[in-house]
Amino acid sequence: MGFYLVQFLGGLAQASSLFLVAAGLSIIFGVTRIVNFAHGSFYMLGAYLAYTLAERMGGAVGFWSAIALAAVATGVVGVVMELLVLRRLYRGPELFQLLATFGVVLIVQDVALLIWGPEDLLGPRAPGLEGVVRILGRPFPKYELLLIALGPIVLGLLWLLFHRTRWGTLVRAATQDREMTAALGINQTWLFTSVLFVGSLLAGLGGALQIPREAVNLHMDINIVVEAFVVVVVGGMGSVGGAFLAAVLIGLIQAFGILVFPQITLVVVFLFMAVVLVVRPHGLMGRQQATARGAGHVPEAPIHASGMMGRVAAVGLLVVLAALPALFGDYALAVLTEMMILALFAASLHFIMGPGGMVSFGHAAYFGLGAYGAGLLVKHLSGGMVAGLVSAPLFAGLGALLFGWFCVRLSGVYLAMLTLAFAQIVWSIAFQWYAVTGGDNGILGVWPDGWASPRWAFYYLSLVLCAGGVLMLRRVIFSPFGYALRAGRDSPLRADAVGIDVRHLQWLAFTVAGAFAGLAGGLYAYSKGSVFPTLMAIPRSVDGLVMVLLGGVQTLTGPLVGAAVFHALNTEMVRYTDHWRLTLGVAIVLLVVIFPQGIVGTLARLPFFRRKEA
Amino acid sequence: MMLDSPKTRSRRTVLTHLLRGVAGIALATIMTGIVTEASGGAAAAEPVRIGEINSYTGLPAFTLPYRNGWELAVAEINANGGVLGGRMLEVISRDDGGKPDDAVRVANELVSNEKVDVLAGTFFSHIGLAVSDYALRTKKLFMAAEPLTDAMTWEKGNRYTFRLRPSTYMQAAMLVEQAAALPAKRWATVAPNYEYGQSAVTIFKQLLKEKRPDVEFVAEQWPAQGKIDAGSTVQALAAAEPQAIFNVTFGPDLARLVREGTTRGAFDGVSVVSLLTGEPEYLDPMKGEAPTGWIVTGYPWDQIDTPAHKAFLDAYQAKYGDYPRLGSIVGYTTIKSIAAAIEKAGSTETEAMVDAMKGLKVDSPFAQITYRAIDHQATMGAYVGTIAVKDGKGTMIEWTYADGADYLPADDVVLKRRPQ
Amino acid sequence: MAVLEVSGLTKSFGGVQAVKGVGFSVEAGELLALVGPNGAGKTTCFNMLNGQIRPDAGDVRLAGVSIAGKSPRRIWRMGVGRTFQITATFGSMTVLENIQMVLLSHHRNIHDLWTRATRRHADAALALLDRVGMASQASRPCGVLAYGDLKRVELAMALAGEPRLLLMDEPTAGMAPAERIDLMALTADLVRERGIAVLFTEHDMDVVFTHADRIIVLNRGELIAEGPPAAVRANPHVQEVYLGSGSMYGHAGGKTP
Ligand SMILES: Nc1ncnc2c1ncn2[C@@H]1O[C@H](COP(=O)(O)OP(=O)(O)OP(=O)(O)O)[C@@H](O)[C@H]1O
Ligand SMILES: [Mg+2]
């Protein structure tokens, strides 16, 4: 009995920590609609700052002031990010700010390494709370009791802030209807700034409070941010109470889950999220969101099949690409091959994100399934490359067919997070099912057949398949199917009222996109010679998003340009500097500020490139 | 857009020029980058070129001291006139970003562009395996420095790959020897939820059972790497009332586990044997809270007084003003091994170097090590001892050096596991 | 047989009884106006007729076949076209493409992944646009049109499905008075040409009295009057309701969202 009680309390303590971070994220998303990847970085910053301050100041007063100061300082960092970067992007396409926050993540990672060094830093214990209390005979740390209390206290304070202050009223109004608050003449910019302050402060506080529990380290950002998103989404976006409930449930499921299935640690959170979202499409306490599209955003321009100029340019590009093996060495060809593969991957993601209006945070699942489709064939059936490249899109397409059925029932960020959940489930299967997938040690020896093994030969193979894939996707976008898909995105109401089964089309589109991502993944596997679960891990999905958004989600060529630019930056910076994360992060932030509609999106709006209206 | 005011319009034109300029420059930079790569690295220069890959951004706590180590070795060798009668060593180092596919790309860059003679490095097992497979395909010698997985030299071993650090199997076997001597019969295990943790536990269980058929394993915990819920994990372990615990977690997870466990008294009266915990990388961050009494593998750098180690230590401290970590030893010995292989082979031709590596003896700061011909595993060992706290810092006491050669299975077992 | 027969239609949202036991019918070629003050339940009625929301009770029959509870797209396939009070068009497409889209759906082409969509049904689409006076703007993006023009596009979209029944929710809202008369005159012509039954709501009573063949009046979810324009105008109960809101005889009701 005592054991279960203590396990229960442990779960609650974990829940409180999670809640603090998630609450901040939820508030920021609720008001600004920013998917803030940098939230985990602020959590980490809070921890580092608290560590330094607590070491400097010492003593009980020093410790607690360190925590408070670290939280406030982190809030200020959030404000700086808003003022310098995010503020310029509110008129960009949906989710565009995500790109800037991704740049910030990279910057903070390197800055933290530069300031605090590589070693984990174990901070002091909380003065006065070092020991344990006995609960039904079982020891339980006092500090964890404090954490347990802190969750509801912060929840209560937030409630008061939201319901008893004018600022809170505005925040709630903006959460419910951002356009409406804008129309009422409320100064949105300052509202957003202050919301980033509060949200980041909570993240910093969450991080700072960890120092008595864990060594501050450089992975804290990545380790928390995904889980914080899960909590926010399971609770219902923008619902702080929901976030609390979700955090408690997740804390408890983890605490008790490991008693029953110790091996389940990798996936339990995502399984839980998947179940919640399938049953409740807007989370536990969320309400249907007014879509973020609309007043704040510039409407997407009609698409046009390329004219004479465009075709000449496309053929010219293909000719140049076809000529490159004569000029370049092995490595350059390998990088160009990767660029083409990633361009196909990005194009497939764009297919559902752009025309389909479905954001995916888990598109790497299909890239990875494609790679495994090829890799498993090699491993278990000693299949050749051609068979592998056939099975790759099939395997991925089947996966997308299955998961897509659930995903298209949702919309917006909920849909995105469900794709993430499925991606993580697939990832953990690949990661843990050693007998079949080789687990995290992956599958080796997935090399091209003899005829395709010279780099130039594989380059041409990739060129044909990737260009073919991209052109086919493009063709579909211009087909009646593609138009109907866009119709469903532009106005689900109208589409339904003119006989279009929007969900069904989205499901098909999801599958098509999955299959093409799978083809890209299969090619990638053969270009690398090996397949690992990392191919379907979150960073790969994020890379896809970055490529699409960087190029311009509202354009057709944007994803291709985005893939090329991002991959070029990535590979080049790694070669020239140890601090490639810092430089890449700064480059992304700059690109985002210079091209607030994405690279192609912004260029296309310039008078020079703009198509004359008839 | 119809919404444009004249003002924004004129601003836009200025912006247009600006943007086109920026885009042009960016494109030019990228293209020149690729073009120079294509033509670069042509003339086979005098120096011996070593392509080195590691997770510098992914795991800096281990890899930065490691880099210091190999830089020291390079400096020493070059100061003594290099190899093959006057050829300097030149290391071209790259970050793999913690991803196996990136590592393969970088390896390709090093081989095709930089024309390196040897590949070396890697920390994570899956990255080591990816590079090893690439080395096999391109027929380049690969000195895997740190990856621990047994597959590296056994199931997935190949002609071109050699591994320096004692494998998971070896280190687990070293601890089993200690564990078997303990009176404990009820054992629990806690390990990170991936291949390394799983193999360590499997090997430990198997070898301990062989030595002590009377032990039983009563609980196991598999926290996600980097995300341990330490309180619940400790509690769950304690609930099974084990007499001893085998720990495989490391890094931040370990610190949390130790703090939670110590606070709750979960380790009181329980023996703990723990992989890698005595390595300064993992021991030092815990400072005065290092778990006393744990039996660990590690590196008591301040207490080893063999001449070889003393020389290394002095040189290291003189150069960096810091003490070495285990990574430093690994980095240092990696380069020394490559240099030795080149000297023995008398050339930098891959097949000659591979043949030279088989049975190659190298003096490491620990002891002389041998790269076994049978499986390409070095016999580098580890120090096994007990953790104590002195002057507010964790340290190892009652340690001995466990020579890797003594903790490898019999040859026929190895031959069965390694494809011939 | 009437094109549309409605009986006992009822819907409540939480505590609000939005529509209570409403029944009426529309004949082919007839323009029936559904009027009532703001919040009377007109849009809710429409939403139940085209399947957007499911009635709590009551029946809707289209040419004798019950369609209550069916999905909007099934009902559309059975010949019910609709315009929305707040226009709903495809903002990222040109005006012409909007109509083509509907025609593609009407001809069941949308699972075609290969042919170029803009090459399909272009002439038919242009003809429809011409009919509603939008041909000159065919290649403009729908996202930048004036509100009145959007209403015309919606009408063309509704017509593209060759409906038997047309539901028009405030078709002239946001238009200048002269435009309103034009649009309704156009609608009236179309109805007679093609024998379509039309049910429309409208706050502009000039429009209603000029074009409606018959009027039904809704107040707080209940039908309070039905009959030819003159009779309804004379109905004291209706006058009372409308005097309350004061919008029966003026143009006050023309709302834009
Ligand atoms: N989805 C909904 N949820 C809750 N209440 C609703 C909903 N839709 C309509 N209502 C309520 O039902 C009543 C009828 O609304 P409806 O939109 O049908 O009126 P209307 O006659 O079309 O008014 P208007 O002339 O302003 O368009 C109103 O009180 C409205 O608030
Ligand atoms: Mg209405």
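Residues numbered from 1 in each chain as written. Chains lettered and ligands numbered in written order. Predicted model: local features only at pLDDT ≥ 70, side-chain atom pairs only at ≥ 80, totals over all residues. Heavy atoms only, no water.

Caption draft 1: The sheet that holds strand E10 (residues 295–298) of chain B, seen in detail. All names here are of chain B. Read from one edge to the other, the open sheet built from 7 strands follows the order E7-E6-E8-E9-E10-E13-E14, with strand pairing classed as mixed. Edge positions in the open sheet fall to strand E7 (216–221) and strand E14 (393–402), since each of these has one partner strand only. With strand direction ignored, the average angle separating the axes of adjacent strands in the sheet is 25°. Packed onto the sheet, helix H6 (residues 195–211) meets strand E6 (186–190), E7, strand E8 (244–247) and strand E9 (271–278) and runs at close to 170° relative to E7. (Pairing = 2+ DSSP bridges. Helix = DSSP H or I, 4+ residues; strand = E, 2+ residues; numbered from the N terminus. Axes fitted to C-alpha atoms, helices over the stretch in contact; angles between N-to-C directions. Contact = heavy atoms within 4.5 Å.)

Caption draft 2: Looking closely at the pairing of strand E7 (residues 165–169) of chain C. Residues and elements named next belong to chain C. For E7, the buried fraction is high: 5 of the 5 residues fall into the buried class. Here E7 shows a buried face lined by Leu165, Leu167 and Asp169 and a second buried face lined by Leu166 and Met168. In this structure, strand E6 (residues 80–83) lies alongside E7, joined through 4 bridges in parallel fashion. Across the sheet, residue Val80 finds its bridge partner in E7, namely Leu165. Alignment of E7 against strand E8 (residues 197–201), held across 5 bridges, turns out to be parallel. If you follow Leu165 over to E8, its bridge partner there is Ala197. Once you follow E7 into helix H6 (residues 177–194) and on to E8, the crossover reads as right-handed. (Buried < 20%, exposed > 50% of the residue type's maximum accessible area, 1.4 Å probe, protein only. Right-handed = clockwise from strand over helix to strand, strands pointing away.)

Caption draft 3: Just the domain arrangement of chain A, in detail. Residues and elements named next belong to chain A. In terms of domain boundaries, chain A breaks down into domain 1 (2–293) and domain 2 (308–603). Here the C-alpha centre of domain 2 lies 31 Å away from the C-alpha centre of domain 1. Contacts between the two partners involve 46 residues from domain 1, matched on the other side by 45 residues from domain 2. Summed over both partners, the interface of domain 1 with domain 2 buries about 3800 Å², with 79% contributed by carbon and sulfur atoms. When residues of domain 1 are sorted by the area they lose upon contact with domain 2, Leu99, Asp110 and Leu266 head the list and together hold 15% of the total. Inspection of the domain 1/domain 2 interface yields 5 residue pairs in polar contact (both at pLDDT 80 or more). Going through the elements one at a time, helix H4 (96–116), helix H9 (220–235) and helix H11 (268–279) are the ones with two or more residues in the side of domain 1 that touches domain 2. Examining the composition of the side of domain 1 that touches domain 2, we find that 14 residues originate from one element, H4, more than from any other. Here the side of domain 1 that touches domain 2 is composed, by residue class, of 32 nonpolar, 9 polar and 5 charged. (Domains from an automatic or database assignment. Buried area = accessible area lost by both parts, 1.4 Å probe. Polar contact = N/O pair within 3.5 Å; in protein donor to acceptor, adjacent residues only side chain to side chain. Nonpolar A, V, L, I, M, F, W, Y, C, P; charged D, E, K, R; others polar.)

Caption draft 4: Spotlight on the interface of chain A and chain B. In this assembly, 91 residues from chain A lie in contact with 74 residues from chain B. Carbon and sulfur atoms make up 56% of the surface buried where chain A meets chain B, a total of about 7400 Å² over both sides. Where chain A touches chain B, the interface holds 9 salt bridges. Here Arg325(B) makes a salt bridge to Glu119(A), at a shortest N to O gap of 2.7 Å. At the boundary of chain A with chain B, the tally comes to 31 residue pairs in polar contact (both at pLDDT 80 or more). Across the side of chain A that touches chain B, the residue classes break down as 45 nonpolar, 23 polar and 23 charged. (Salt bridge = Lys/Arg side-chain N within 4 Å of Asp/Glu carboxyl O.)

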